[in-house]
Structures are given as C-alpha cells and as structure tokens.
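Each chain, letter by letter, is given below.
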Amino acid sequence: MRAPSTDVTTLDSGLRVASETVQGSETATVGVWIDAGSRYETAANNGVAHFLEHLAFKGTSKRTQTQLEVEIENMGGHLNAYTSREQTVYFAKVFKNDVGKAVEILSDILLNSKLEDAAIERERDVILREMSEVNKNQEELVLDHLHATAFQGTGLGRTILGPEENIRKLSRNDLVSYIEQHYTAPRMVIAGAGAIEHSQLCDLASKHFGSLPSAPKSAVQVAMEPAVFTGSDYWYVLFGAFSFFTVSLDSHC
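In this report, we go over the structure that sits alongside the text. Note that residues are indexed from 1 along each chain, following the sequence as it is written. Where totals are concerned, whole chains, interfaces and linings use all residues; where local detail is concerned, this predicted model gives features only for residues with pLDDT of at least 70, and gives and counts side-chain atom pairs only at 80 or more. With hydrogens and water stripped out, all remaining heavy atoms of the structure feed into the side-chain values.

1. Concerning the overall build of the chain
Then, number 1: On a plain count of helices and strands, the chain comes out with eight helices and eight strands.
Then, number 2: Within the chain, buried positions represent 45% of all 253 residues.
Then, number 3: Each accessible area value is a Shrake-Rupley result obtained with a 1.4 Å probe; residue values ignore everything except the protein chains displayed when judging cover. When the accessible surface of the chain is totalled, it reaches about 13,200 Å², and 52% of it is carbon and sulfur. The helix and strand labels rest on DSSP assignments: H or I over at least four residues marks a helix, E over at least two residues marks a strand, and numbering proceeds from the N terminus. Only protein chains enter the area calculation, which uses a 1.4 Å probe; residues under 20% of their type maximum are buried, those over 50% are exposed, and those in between are partly exposed.

As structure tokens, this is what we get:
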C-alpha cells in the first residue's frame, strides 16, 4: 500500500504547516510542535517548558478548565500534550468534522492561557508528586543520568522536569517570559494526519494562529546550545546493589 505524501507549506509569519491526507479516514490527529523543550532552558529556569504544558489545560480567557474538558468530551475527542528535551507538543484526535474546532482549541490553550496564580500553585504540587514517582522509576532515571553525564554542562544534559528547587520557585513571570521568547511562529509546526486536506489545515492555521509573533518580544533569538558529548563514568545505586554504566568518549559522536 502506498504511503500518503506529506505536504508542507511555510506561511508568511514563518509558521510551518505539514499534513498527510489519508483517503477514507473518518478521524484526524492535529497538533502543534514547538521547539521549546528542556534543551532550550537555562539552569535557572530548567523545568519551565514542562510546567507550561501542565498549565495549558487549566483555563483560558475564553474557556474554564471544566468547559474545555466538557467540549472535548462532547466531541468524542482526545486532547493531550507532552514535553521532551527538544520540543513541547499539544495535539488533538477528533472526527473529521471537528478538525476546525480542534485547531481553534489548540490555539486557545496556547495563545490565551490565563496562567492564574492559584493554578500555578496547584500544578507546582502536582509536578513535585510526579517528580517523586519518576525518581522511583529506574528505567526513566537511567536515561536522565545518561544525558547528564554524556552532555554535562549543556542544555541537553538537563532533565525535562527540572530540579526540585526550580519547581518550587518558578513564577508566573518566568512562565510568561519563556512563552515570549520561544512561542513564535518560526519555532512552530502545525501538523495533521488522517481525514484532513492540506489547504484546509493551512487556512485553519492562518485563521487561528495568525496572531503569533514572528520574533521574540525581546527581539533577541536564543541560539540552541551545542550538544557537546563528554565521555565519563556515572555510578548509581540500583535496588540496593551498586551498578554503573559508562559513557565512553567517541570523536565520531
């Protein structure tokens, strides 16, 4: 079976739109990929991208958290997000007739989140509990240790959740500052697959994301730190017994 082709368009703002149309499909997935993962953070604000992901669903200037949840549920849709070292992603899975509404909702949570102080404090506690659970998961911890020792001293070596001291002190100003710096059109891709036409997605992107700035508010673009590989050993305790992994220097990495 021939795979569907991928169509890509770059709008005047720098926002990219990519799609794959699947003929006969009754559903579509549409999302926003942002170059705003933990790799783009500093030691002082490490954890801010993941913190913002948590707050995106807590209410906007148009919808309360409950209204957002009910609207998605009534559509029979699914709305979710995740943060990685490279990106933050917000996406929705919906029936084909609800693609337009899904793009509008994604724009609302990204462009109009209220970031209320009460919500920030609630999510601070949620993230700290999440951190506690992650610290019990050795399979996740070993990857954090691997990044920390292989790319020590660079953004790629930092964890996605950030250190506990950062989570306890990140403020609304820190969150807004990160949005103003990184949530710009050239750093975003709106992608859709399934029951969606490329021209339709381009029109929806222009309509709902047309207010995205093309440059940071500070007018200073932040360059991504290079991924400098460092060979080293890191020892850690696993189930009460000493174990270790070794990252060896390879000039071809």
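2. Digging into the pairing of strand 2 (residues 16–21)
Then, number 1: For two strands to count as paired, DSSP must find a minimum of two bridges between them. As judged from the five bridges shared by strand 1 (residues 6–10) and strand 2, these two strands associate in the antiparallel manner. Bridging from a neighbouring strand, Thr 6 pairs with Glu 20 of strand 2.

3. Side note on the sheet that holds strand 2
Then, number 1: With respect to topology, six strands assemble into an open sheet ordered 1-2-6-3-5-4, the strand pairing being mixed. Single-partner strands in this sheet number two, and they are strand 1 and strand 4 (78–83). The mean angle between the axes of side-by-side strands here comes to 15°, regardless of whether they run parallel or antiparallel.
Then, number 2: Where strand 3 (residues 27–34) lies against strand 6 (residues 188–194), seven bridges are found, and the strand directions are antiparallel. A fitted line through C-alpha atoms represents every axis, and for helices the fit uses only the stretch in contact; the resulting angles, taken between N-to-C directions, go from 0 to 180 degrees.

4. Structural notes on the nonpolar core
Then, number 1: Buried Ala, Val, Leu, Ile, Met, Phe, Trp, Tyr and Cys residues that are joined via side-chain atoms within 4.5 Å together make up what is termed a nonpolar core. If you look at the biggest cluster of nonpolar residues, it comprises 55 residues, and the most contacted ones within it are Leu 15, Tyr 90 and Phe 209.
Then, number 2: Element by element, the count of residues in this core is highest for helix 3 (residues 99–111), at seven residues.
Then, number 3: In this analysis, two residues are considered to be in contact whenever any of their non-hydrogen atoms come within 4.5 Å of each other. Other than its neighbours up to four places away in sequence, Phe 209 contacts Leu 15, Val 32, Val 103, Leu 106, Ser 107, Leu 110, Ile 190 and Leu 204.

5. A closer look at the packing of helix 2 (residues 65–75) against helix 3
Then, number 1: Their axes nearest at 12 Å, the elements helix 2 and helix 3 cross at an angle of 160°. When the axis of helix 2 is compared with that of helix 3, the two are roughly antiparallel. For helix 2 against helix 3, the interelement crossing comes out left-handed. Facing Leu 68, Glu 71, Ile 72 and Met 75 of helix 2, the residues of helix 3 in contact are Lys 101, Ile 105 and Ile 109.
Then, number 2: Residues belonging to the contact of helix 2 with helix 3 are distributed by class as follows: five nonpolar, no polar and two charged. Should an angle fall under 35 degrees it is taken as roughly parallel, and over 145 as roughly antiparallel, whereas 65 to 115 is taken as roughly perpendicular and any remaining angle as oblique. A clockwise turn of the near helix away from the far one marks a right-handed crossing, whereas an anticlockwise turn of less than a right angle marks a left-handed crossing. Residues were grouped as follows: Ala, Val, Leu, Ile, Met, Phe, Trp, Tyr, Cys and Pro as nonpolar; Asp, Glu, Lys and Arg as charged; and all remaining residues, including Gly, as polar.

6. Quick notes on helix 1 (residues 48–55)
Then, number 1: For helix 1, the buried fraction is high: eight of the eight residues fall into the buried class.
Then, number 2: Residues Val 48, Ala 49, His 50, Phe 51, Leu 52, Glu 53, His 54 and Leu 55 constitute the buried set of helix 1.
Then, number 3: Residues of helix 1 that are buried sit in contact with strand 4, strand 5 (88–95), helix 4 (117–134), helix 6 (164–169) and helix 7 (172–182).

7. Looking at the packing of helix 3 against helix 8 (residues 198–209)
Then, number 1: Where helix 3 contacts helix 8, the two axes come as close as 10 Å, and the packing angle between them is 35°. Note on packing geometry: the crossing formed by helix 3 with helix 8 is right-handed. Side by side, helix 3 and helix 8 meet where Val 99, Gly 100, Val 103, Glu 104, Leu 106, Ser 107, Leu 110 and Leu 111 of the first sit next to Gln 200, Leu 201, Leu 204, His 208 and Phe 209 of the second.

8. Observations regarding the layout of surface pockets
Sizing a probe to match a water molecule and rolling it over the atoms shows the empty space that remains.
Then, number 1: Volume-wise, the largest pocket comes out at about 490 Å³.
Then, number 2: Computed over the protein atoms alone on a 1 Å grid, cavities are sets of points where a 1.4 Å probe fits but cannot get out and pockets are open sets with protein on both sides within 12 Å along at least five of seven lines; a residue lines them when it has an atom within 4 Å of a point. If you trace the largest pocket, you find 24 residues lining it, with Val 134, Leu 141, Asp 144, Thr 159 and Ile 160 closest to the centre.
Then, number 3: Contributing elements (two or more residues each) for the lining of the largest pocket: helix 1, strand 4, helix 4 and helix 5 (138–150).
Then, number 4: Considering only enclosed or pocket space, the second largest pocket measures out at about 370 Å³ in volume.
Then, number 5: In this structure, the second largest pocket is lined by 19 residues; those nearest its centre are Leu 110, Leu 111, Asn 112, Ile 179 and Tyr 183.
Then, number 6: Of all the secondary-structure elements, those providing two or more residues to the lining of the second largest pocket are helix 1, helix 3 and helix 7.
Then, number 7: A total of four residues in the lining of the second largest pocket trace back to one element, the largest contributor, which is helix 7.
Then, number 8: Considering only residue class, the lining of the second largest pocket consists of 14 nonpolar, three polar and two charged. Grid points are joined across faces, edges and corners, and a volume is the space filled by probe spheres set on the points.

9. Points about the pattern of salt bridges
Then, number 1: Put simply, a salt bridge is a Lys or Arg side-chain nitrogen that is within 4 Å of an Asp or Glu carboxyl oxygen. Using the criterion set out here, one finds 15 salt bridges in the structure.
Then, number 2: Salt-bridge contacts for Asp 144 lead to Arg 85; the nearest nitrogen and oxygen are separated by 2.8 Å. Within this pair, whereas Asp 144 is found in helix 5, its partner Arg 85 is found in the loop between strand 4 and strand 5, the two being separated by 59 residues in sequence. One exposure class covers both Asp 144 and Arg 85, and it is buried.
Then, number 3: Here Lys 114 and Glu 116 are joined by a salt bridge, their closest N and O atoms 3.3 Å apart.
Then, number 4: Connected through shared salt-bridge partners, Lys 62, Arg 63, Glu 71, Lys 101, Glu 104 and Asp 108 make up one network.

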